[in-house]
Every structure is written in structure tokens, then in C-alpha cells.
Amino acid sequence: MALKDAKSGTRNEVGIAAVLGILKQSFGERFQTGEAFRAQHAHTTTYIPAQLPDGVLFAESADDVKAAVKICAEHKVPVIGFGTGSSLEGQVNAPNGGISIDFSRMNRILEVNAEDLDCTVEPGVTREELNTYLRDTGLFFPIDPGANASIGGMTSTRASGTNAVRYGTMKDNVLAVTAVTANGEEVRTARRARKSSAGYDMTRLFVGAEGTLGILTSVTLRLQGIPQKIGGGVCAFPTIRAACDAVIMTIQMGIPVARIELLDALQIRACNAYSKLNYEEKPTLFLEFHGTDETVALQSEQFAEIASECGGGAFSWTVNAEERSRLWKARHDAYWASRALAPEMAALSTDVCVPISRLADCIGETQADIEEHGLLAMIVGHAGDGNFHVLLLFDDKTDEGIAVAETFVGRLNARALAMDGTCTGEHGIGQGKMAFLEEELGGTVDLMRQVKKALDPDDIFNPGKIFHIA
């Protein structure tokens, strides 16, 4: 991560002025230019400075989006999509100025096809809203990135989360999207069929594009049946390696674990204090199993045997919904628990992903790095797929403090790439990880630039993200 990649670009002042006037006349109170509105639609989740848009459009339909994009395209003014603002790498910043399109009012669930296990939603629907709506159908949407993110944002960043080890990531669960392209027209990338050999896979092109190729107006998703029984449990281990060994054995034995999360000892200490828990302050695995009474019990017993073989303590598990909710609430509150350890410091949340066989090595070397440099940082891992997060608390008020943080993130990413991993498992590139993308993919980034130029020749869609055009 480097602040130099969050640099401001060239502003089209004449075009922006024209667009502000046209949008205000066209949309009235649904288009706002006040500083408070603009500040709410810029990046605030890490130390990357906020870069405010010039105006915010509260879109209510695909027609609104098409009209706004046509106006912005005509005047070559940037357009940035905005869901809930929970992205972590500066994805919603406006480094060249421009218009933010807020999707909070495009939050309709358009269609649920229960027999086919799919649904189509507008981009502003959040994952919690979707699952509340689906509850009476016996279905649910499994991707859980922790934050109550919007489906459009999750699609654009190719989000993942705690359930990915069983249900995959957004790329595995998006069947199709509709998107407004640079000419202001809406395209549909696929039908609802579960498989197709019809041409290029345009759906996957938009999934993870971070809004740089077009603006999503709907997303068609795979759904899953709500399991008959869900069991959750916790197990402490003497070392990170012992915990990782248990994860590897669990995956290799084919136990269909739904979630398997790793928290290091410092993170457990923070969660205990924040969520009023009393777990042992050791590396700990949080697990969840989905199935029937019999399969959940069997899977829990199988994992308990693996944990014992790897030196773990007693595996305490339950099928009580209230107890499970408390367990996962503590896991999802890990960010705030960590912040509470040093509230005067800034927080930088970053992630990498490595082949699961290298997870223990990568986390172990990262912990040694943290200790060697006297840093205050916690580790949380989606251990089942080799993805882990580091939350670094640091002084963002001084150049020295920022340099320490950036240097640490550089070492972390170099370590992951050296193990044939990736610089981000789920946060995306945004502004914060541009340099590491070049290191990871080399000349492939030039191919990405060619795709971007072909679909967005005037670079109006979320410029200054993923890579610089020139």
C-alpha cells in the first residue's frame, strides 16, 4: 500500500460544471452537492485520504443510471458507484472528481425463483436485507464478508467471507448482471441457466472490476437451502502452526466445513475484552457445520479428533442458535474489538491469500515480522481457503508512522507472492494495492488496460482504481 497511488488526477472542470447543472435540473433534490453529502460518499475506512465527488445522485431506477451515465459520458466526467461505503482500499474515492451514484434507493428484490435456487436484485440491496426477505422461502444467500455490504458492492469487489470455504466467493455465486456501459446503454451478461458455453464470460468480467467497466443495475445470484441443522464450535491450539495443521487436515479429509476461522492470541484477547467473553488467549479456530442432525454431529466429532491429534484443546460446539449467534457476533466484531485496544491509533486492515499448504508459514513469518518491528497487529484468517487479514494499529499523524505501516504491508504482500499467493483475497485493489497487482500479474495488467480502454475509452468509470491508464 502506498499513498502515492491515491494521487489526484486531472479534473475536467468545464465538464464537471456542465454536468452539475444538468443533473440538478434533471433530478432536483435527488442530486446533492453539499459537502456533507459528498464527504459521506468518499473513502473513510482506512488511512487513505478521502477524495470527494462533486455531486451525489440518489438513483431510483436503471433509467436514472442510464440517464446519468449518458450525461457524464457526453462531458467526459467520472462516475463512481456507491453501495454502503464499506470497501477498504479506496474504491469509492473520486481522485478526478465527478459524480457518485448512490444505490441505497435501488434496493428492490426483483425476482426470486425458489425452484431454481436463484434471485435477481438491484445493487443497493444489502446481504442482510436479502436474507431477511428470503427467510420464509427456506433459502439463503451464503456470502458473508462481515460488513452488511450491498450486493452491488460485493459483486464489484468479488467479495468473499467466512462461508467461502463451502459456498465459494461472489464469482461462484453471480449468474448474471445488468450493467450500464460507457454509451449509456444497459446490457445483460447472461441468462439464468446454471451453465453456458455461449461466447465470452462477460459476467466474470464485471465481477471484481470495481466499477471500472460499467455501473451495475441488477445482479442475479445463486441461492442455497437453509440447512436443517447448523452447529458451531471453538477450539484453542498451542500455536498458529498447530491450528493451521488442523485446518489442512480438515480440508484434505473432505469434511464439508461451512466456516473455519482462525484468530490469533492477541485477537482473542481483544474479543474477550470487547464482547465480554472468556476464551483462552491462544490461537483459536471458530467453526461451523451445515447439514442434518446426524451429519453435523459426525463432522463435529471428526474435527474434534483432528484437533486432538494436532494438540488442540477441547472442541466445544453447540447447535443452539443463540449461542452460535453470540459466537459469530464476536467474530464479526473483531475489527471494533481490535480498535478498542488502542482507540487513539489508526487502523489499517489488509489481506493476502496463499495456497493452504503455505498458510502456517505465511502467518508464522508475519507474526515474527510484527514482533521484530514492535508493531501492534492482530491476525484473523478465513483459514479454510488460505486467506487471512492483518489489522495494524499505527500512528497516522506522522510521516514516520505511515511509512512504518506501508513498509509492513509491502513485506506482507511480498511474502504472500513469494509463496505463489495473491496480494488480496477479498478486499480488492482499489487505490491501495496497485503496486502489488503489477508485481503479482506483470504483463497481464496491460491486458486489463486494453479491456478497460475498449469498454471505457474516456476512462469515466471509477478512474484511478486497480491500475493507472498511463
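Owing to the predicted nature of the structure, the values given are computational and were not obtained by experimental measurement.

**Comments concerning the overall build of the protein chain**
- The secondary structure content of the protein chain amounts to 17 helices and 18 strands.
- Its C-alpha atoms give the protein chain a radius of gyration of 22 Å, within 12% of the compact-globule value 23 Å for 470 residues.
- Each of the three principal axes of the protein chain carries a C-alpha extent, and together these read 65 × 55 × 40 Å.
- Expressed as a percentage of the 470 residues in the protein chain, the buried residues total 56%.
- Residue pairs at least 24 apart in sequence account for 72% of intrachain contacts in the protein chain once pairs closer than 6 positions are excluded.
- Within the protein chain, the 61 negative side-chain charges are centred at a point lying 4 Å from the centre of the 43 positive side-chain charges.

**Re the domain arrangement of the protein chain**
- Here the protein chain is partitioned into domain 1 (2-104), domain 2 (109-225) and domain 3 (229-419).
- For domain 2 versus domain 3, the distance between C-alpha centres works out to 27 Å.
- Contacts between the two partners involve 10 residues from domain 2 and, on the opposite side, 14 residues from domain 3.
- Of all residues in domain 2, the largest losses of buried area upon contact with domain 3 belong to T162, V165 and R166, amounting jointly to 60% of the total for that side.
- Seen at the junction of domain 2 and domain 3, the total is 1 salt bridge.
- Between R259 and D144 there is a salt bridge, with the nearest N and O atoms lying 3.4 Å from each other.

**Quick notes on the environment of V207**
- One can find V207 in the loop between α8 (202-206) and β10 (215-222).
- Overall, the relative accessible area of 1% leaves V207 in the buried class.
- Residues V207 and V177, spaced 30 residues apart in sequence, show a C-alpha to C-alpha distance of 8.6 Å.
- When residues no more than four places from it in sequence are discounted, the contact partners of V207 are T155, R158, M170, K171 and V174.

**Considering the packing of helix α9 (residues 240-252) against helix α11 (residues 293-309)**
- For the pair α9 and α11, interaxial distance at closest approach is 9 Å and the crossing angle is 140°. As the angle between them shows, α9 and α11 are arranged oblique. Once α9 is placed against α11, the crossing between them reads as right-handed. Residues A246, M249 and T250 of α9 pack against F303, I306 and E309 of α11.
- For the contact of α9 with α11, the residue count by class is 4 nonpolar, 1 polar and 1 charged.

**Let's talk about the sheet that holds strand β3 (residues 79-82)**
- The 4 strands lie next to each other as β1-β2-β4-β3, forming an open sheet whose pairing is mixed. For this open sheet the edge positions go to β1 (31-32) and β3, each flanked by a neighbour on one side alone.
- Note: β3 against strand β4 (residues 99-102), 4 bridges, orientation parallel. By the bridge assignment, F82 is partnered in β4 with D102.

**Quick notes on the packing of aromatic side chains**
- Taken as a whole, this structure holds 6 aromatic pairs when the rule is applied.
- Ring geometry for Y279 versus F286: centroids 5.7 Å apart, planes at 70°, classification edge-to-face.
- Y279 gets classed as partly exposed once you look at its relative accessible area, which sits at 24%.
- Between the aromatic rings of F303 and F315, the centroid separation amounts to 4.9 Å while the plane-to-plane angle is 70°, which identifies the pairing as edge-to-face. In this pair, F303 sits in helix α11 while F315 sits in the loop between α11 and β15 (316-318), placing the two residues 12 residues apart along the sequence.

**Observations regarding helix α3 (residues 62-75)**
- With 14 residues, α3 extends 20 Å between its outermost C-alpha atoms, agreeing within 8% with the 20 Å of an ideal straight helix rising 1.5 Å per residue.
- Taken together, the buried positions of α3 are occupied by A62, D64, V65, A68, V69, I71, C72 and A73.

**Some thoughts on the pairing of strand β8 (residues 174-180)**
- Across the 7 residues of β8, 7 count as buried, placing the element largely inside the fold.
- Where β8 lies against β10, 6 bridges are found, and the strand directions are antiparallel. Within β10, the position partnered with V177 by the bridge is V219.
- With 3 bridges joining them, β8 and strand β9 (residues 186-188) adopt antiparallel strand pairing. Of the residues in β9, the one forming a bridge with V180 is E186.
- Linking β8 back to β9 in an antiparallel pair, the connection comprises 5 residues, with G184 at a positive phi of about 80°.

**Description of the nonpolar core**
- Ranked by internal contacts, the top residues of the largest apolar core, which has 54 residues, are F237, L285, F303 and F388.
- Once residues lying within four places of it in the same chain are set aside, the contact partners of L285 are G233, V234, C235, F237, A243, A246, V247, I260, E261, L262 and F303.

**Some remarks on the UniProt feature "domain: FAD-binding PCMH-type" (unreviewed entry) in the protein chain**
- According to UniProt, the feature "domain: FAD-binding PCMH-type" (unreviewed entry) maps to residues 49-226 in the numbering used here.
- Counted over residues 49-226, helix gives 23% and strand 24%. Its end C-alpha atoms are 41 Å apart.

**As for the pairing of strand β18 (residues 387-394)**
- The buried fraction of β18 is high, at 8 of 8 residues.
- Residues N387, H389, L391 and L393 of β18 are buried on one face, and the alternating residues F388, V390, L392 and F394, pointing to the opposite face, are buried as well.
- Sheet analysis places strand β16 (residues 346-353) next to β18, joined by 8 bridges and oriented antiparallel. Bridge pairing links D351 to H389 in β18.
- Here strand β17 (residues 376-382) hands over to β18 after 4 residues, with G386 in that stretch at a positive phi of 75°.

About the thresholds
Residues numbered from 1 in each chain as written. Predicted model: local features only at pLDDT ≥ 70, side-chain atom pairs only at ≥ 80, totals over all residues. Heavy atoms only, no water. Helix = DSSP H or I, 4+ residues; strand = E, 2+ residues; numbered from the N terminus. Rg over C-alpha atoms; globule rule 2.2 N^0.38 Å. Buried < 20%, exposed > 50% of the residue type's maximum accessible area, 1.4 Å probe, protein only. Contact = heavy atoms within 4.5 Å. Lys, Arg positive; Asp, Glu negative; His and termini not counted. Charge placed at Lys NZ, Arg CZ, Asp CG, Glu CD. Domains from an automatic or database assignment. Buried area = accessible area lost by both parts, 1.4 Å probe. Salt bridge = Lys/Arg side-chain N within 4 Å of Asp/Glu carboxyl O. Axes fitted to C-alpha atoms, helices over the stretch in contact; angles between N-to-C directions. Parallel < 35°, antiparallel > 145°, perpendicular 65-115°, else oblique. Left-handed = near helix turned anticlockwise from the far one by under 90°. Nonpolar A, V, L, I, M, F, W, Y, C, P; charged D, E, K, R; others polar. Pairing = 2+ DSSP bridges. Phe/Tyr/Trp six-rings, centres within 6.5 Å; stacked < 30°, edge-to-face > 60°. Expected span 1.5 Å × (residues − 1). Core = buried A, V, L, I, M, F, W, Y, C linked by side-chain atoms within 4.5 Å. UniProt positions renumbered as here; feature names shortened; annotations may be inferred.

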